[in-house]
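Given next are the chains, with one letter for each unit.
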Amino acid sequence: MSTVALPGVEAAASAGGPRRRLSPWQAWGLVLLAPYVAVFLVFVLYPVGYGLWLARHPQSYVQLFADPVFAGSVVNTLIFLIVGINLKMAVALFLSGFFVTARPWIRWLSVLFILPWAVPSIPTILSIRFMLNPEWGVVNQVIFRLTGADGPNWLNDRWIALSMAMLVHIWKSLPFWTMILIAGRLAIPGELYEAASVDGASVWQRFRFITWPSLSTLYLTSAILSMIWTLGDFNSVYLLTGGGPADLTHVLATLGIRYLRLDQVDLAMATIVSALPLVLPLVYFMMKRLSR
Amino acid sequence: MKRLLTEAKLVLIGIPVAIWTLLPIYHMFLFSISTKEEAFSGELWPAHPTLRNFGVVFREQNYFLNHFWRQFANSLLIAVAVGAITLVVAAGAAFSISRLRTRGGRLVLNCALFTYFIPAAFLAVPMYKAMGTYGLLNTQWALILAMVTIASPYAIWVLKQASDKLPWELDEAARIDGASPLQLFRLVYLPLIAPSLVAVGTYALLLAWNEYLYAFLLLSNDKDITLPVALGHFLSADDSPWELLMTTGLIYALPPAAIYYAFKRYMVAGLTAGAVKS
């Protein structure tokens, strides 16, 4: 019955409009919005503007591009994104299929499986760091006991250390993306699979013609969002390798902080500005997607 | 026979998944119940499990642990403050944008989304400089405000999604009954989106408790820092007591894990609604 009274309400609400005076509703709207606007202006807009202003000198970029650590970091970041994310998302896609299988023990396992996501990353990354200690770490001790040979010095070789940082990143975020893809799979109507099994479809055909078409959009969105978050993943690299050996395993996220700690803010900002051509298209894509 | 083969395949996937997931956490637990010698021996279970490490941590009997309780309280205080402030800021903004249709709301929402998608490690550099300009560096307010900045965009997004689903008849009925905007907000709106408020408050609280980078940049005094920064300090020496580091880490990791599992129902629903909308 509320629709009967609706015209009167609208007239009352818009009465203040023509006289350019705010109705209490509009005034309260502004008051309630104000705290976030203040947070945004003071802690996002001003800092970003100031940062970009600090990064205005072409000289900073000349200096940055001349630094071999920068070139190495760009390569590392791209490897992290291309190899790390594809590996992570492929495994998450596979495991989401495993976890939707209806078995009591798989339900229990799925509860445990979320642990890496639920616990803070600092202690677990440090735990992995010690596991990889060449002398005292459990990994090399097991290798020694099984083969009698010394294991590799895991964190002292650029490519092994970078791979380990990628594994740490995957260990931490795999549960989250698996959960997202499980939710996606559960949204697919079960009749489709029943019809397919009546028609005698193979496991691969069921995936290829039912699961994948329904999941592909979600998978792509997840991969893009994961790329943005991975670009900002400071902990996996910094706490495992500290950027070492000899600054060879830095990614752009840790390199910016490294310059900041060395009091070279212009280089730190220049690093971030150099990453923008990569970040902004991804952000644009995500904003388009969420604004629909 | 075919059934048995399927089960065997599932077990063959399940066992590596369990080992992969639990190994680093088990390793941390193992160190916390081992003496230094046994921890470094690479055994899979200590010959003489002990709770001595916990006693050392709780009684602050180590150079790295001099301010353990103080740092624990710092972490707790900052996490609670970030959770509370984020809730106030985000609930007001979401109500204003979604229910009051405030002019410019769409723009503010887009600004919030944009902030959500800036990688946090990139925002950290300008944020650090700005905090210096504001004279907030090395104060806990710097960390609290920085974490509110990072947590509120997602909080606003989730709350706005939840608000949009409420029926308009409620607002109309409230207006006809002569309710003020603030009464509508407090008496109708907040109770109805309570589940989302729980999800968002927990999200902000955990984000602040778990944060390392911003805490490590914005705080430096040993008495001001949070636990994760203190954990990072163990790395500064070559002969650090790793068994104590892992014990402290375990104590630090338990509360968020417990909260996560307690609120999992809300968290998962909130995450899937907000993070990825297909």
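Conventions we followed
Residues numbered from 1 in each chain as written. Chains lettered and ligands numbered in written order. Predicted model: local features only at pLDDT ≥ 70, side-chain atom pairs only at ≥ 80, totals over all residues. Helix = DSSP H or I, 4+ residues; strand = E, 2+ residues; numbered from the N terminus. Rg over C-alpha atoms; globule rule 2.2 N^0.38 Å. Contact = placed C-beta atoms within 7 Å. Core = buried A, V, L, I, M, F, W, Y, C linked by C-beta atoms within 7 Å. Buried ≥ 20, exposed ≤ 12 C-beta atoms within 10 Å, placed from the backbone. Domains from an automatic or database assignment. Nonpolar A, V, L, I, M, F, W, Y, C, P; charged D, E, K, R; others polar. Axes fitted to C-alpha atoms, helices over the stretch in contact; angles between N-to-C directions. Parallel < 35°, antiparallel > 145°, perpendicular 65-115°, else oblique. Left-handed = near helix turned anticlockwise from the far one by under 90°. pLDDT = per-residue confidence, 0-100. Expected span 1.5 Å × (residues − 1). Bend = angle between axes of the 7 residues up to and from the residue.

### Looking at the overall build of chain A
Step number 1: Scanning chain A for helices and strands turns up 14 helices and zero strands.
Step number 2: Its helices and strands taken in sequence order, chain A reads α-α-α-α-α-α-α-α-α-α-α-α-α-α from the N to the C terminus.
Step number 3: At 26 Å, chain A has a C-alpha radius of gyration far larger than the 19 Å of a compact globule built from 292 residues.
Step number 4: Once the C-alpha set of chain A is aligned to its principal axes, its extents read approximately 85 × 70 × 30 Å.
Step number 5: Contacts in chain A between residues at least 24 apart in sequence constitute 69% of all its contacts with a sequence separation of at least 6.

### Some remarks on the nonpolar core
Step number 1: Residues Val-82, Ala-124 and Met-147 of chain B are the most contacted members of the largest nonpolar core, which totals 163 residues.
Step number 2: Each of domain 1 (23-54) and domain 2 (61-291) of chain A contributes no fewer than three residues to this core.

### Digging into the domain arrangement of chain A
Step number 1: One can read the domain layout of chain A as domain 1 (23-54) and domain 2 (61-291).
Step number 2: Here the C-alpha centroids of domain 1 of chain A and domain 2 of chain A sit 33 Å apart.

### Some details on the interface of chain B and chain A
Step number 1: Taken together, the 80 residues of chain B in the interface contact 80 residues of chain A.
Step number 2: Its residues placed into classes, the side of chain B that touches chain A shows 57 nonpolar, 18 polar and five charged.

### Focus: the environment of Gly-201 of chain B
All names here are of chain B.
Step number 1: Tracing the backbone through its elements, the reader meets Gly-201 in helix α10 (residues 194-210).
Step number 2: The exposure class assigned to Gly-201 is buried, which follows from the 22 C-beta atoms found within 10 Å.
Step number 3: For the pair Gly-201 and Val-82, spaced 119 residues apart in sequence, the C-alpha to C-alpha distance is 8.6 Å.
Step number 4: In this structure, Gly-201 is in contact with Gly-83 and Leu-87, ignoring residues within four places of it in sequence.

### Things to note about the packing of helix α13 (residues 252-261) of chain A against helix α14 (residues 265-291) of chain A
All names here are of chain A.
Step number 1: At a minimum axis separation of 7 Å, α13 and α14 run at an interaxial angle of 160°. As far as their axial angle goes, α14 and α13 are roughly antiparallel. α14 is crossed by α13, and the crossing has left-handed handedness. Contact residues: α13 offers Leu-252, Leu-255, Gly-256, Tyr-259 and Leu-260, while α14 offers Val-265, Leu-267, Ala-268, Thr-271, Ile-272 and Ala-275.

### Points about the confidence of the model for chain B
Regions with low pLDDT carry predicted coordinates that are not meant to be interpreted in detail.
Residues and elements named next belong to chain B.
Step number 1: Per-residue confidence for chain B gives a mean pLDDT of 89, with 96% of residues at or over 70.
Step number 2: Mean pLDDT values over the elements of chain B span from 61, in helix α14 (residues 264-274), up to 95, in helix α4 (residues 68-98).
Step number 3: Predicted complex, confidence summary: ipTM 0.90, pTM 0.89.

### So, helix α7 (residues 140-164) of chain B
Step number 1: Between its first and last C-alpha, α7 of chain B extends 35 Å over 25 residues, near the 36 Å set by a 1.5 Å rise per residue.
Step number 2: The largest bend along α7 of chain B reaches roughly 35° and is located at Ala-151 of chain B, with the proline Pro-153 of chain B sitting one to four residues downstream.

### Considering unusual backbone geometry
Most peptide bonds adopt trans geometry, and most residues besides glycine take a negative phi value.
Step number 1: In this structure, Asp-263 of chain A is a non-glycine residue whose phi angle is positive, near 65°.
Step number 2: Within the element layout of this structure, Asp-263 of chain A appears in the loop between α13 and α14.
Step number 3: One non-glycine residue, Glu-60 of chain B, lies in positive phi territory at about 55°.

### Points about the packing of α13 of chain A against helix α6 (residues 120-133) of chain B
Step number 1: Contact geometry of α13 of chain A with α6 of chain B gives a least axis separation of 8 Å together with a crossing angle of 20°. Here α6 of chain B runs roughly parallel to α13 of chain A, going by the angle between their axes. In this structure, α13 of chain A meets α6 of chain B at a crossing whose hand is left-handed. Touching Ala-253, Gly-256, Ile-257 and Leu-260 of chain A of α13 of chain A are Ala-121, Phe-122, Ala-124, Val-125 and Tyr-128 of chain B, all from α6 of chain B.
Step number 2: The residue inventory of the contact of α13 of chain A with α6 of chain B, partitioned by class, reads eight nonpolar, one polar and no charged.

### Details of the confidence of the model for chain A
All names here are of chain A.
Step number 1: Of the residues in chain A, 93% have a pLDDT of 70 or more, and the chain-wide mean is 87.
Step number 2: Per-element confidence in chain A is highest for helix α4 (residues 68-99), whose mean pLDDT is 94, and lowest for helix α1 (residues 2-14), whose mean pLDDT is 40.
Step number 3: Across residues 1-19 the pLDDT falls below 50, and counting only partners more than four positions away or on other chains, this stretch makes 13 contacts in the model.

### Focus: the environment of Trp-69 of chain B
Residue and element names in this part refer to chain B.
Step number 1: Checked against the element boundaries, Trp-69 lands in helix α4.
Step number 2: The exposed category is assigned to Trp-69, around which 12 C-beta atoms lie within 10 Å.
Step number 3: With 11 residues separating them in the primary sequence, Trp-69 and Phe-58 have C-alpha atoms 7.6 Å apart.

### A few points about the environment of Trp-28 of chain A
Step number 1: Mapped onto the secondary structure, Trp-28 of chain A falls in helix α2 (residues 24-54).
Step number 2: Taking the C-alpha atoms as reference, Trp-28 of chain A lies 57 Å from Trp-159 of chain A; in sequence the two are 131 residues apart.
Step number 3: Leave out the neighbours within four places in its chain, and Trp-28 of chain A touches Leu-100, Pro-181 and Leu-182 of chain B.

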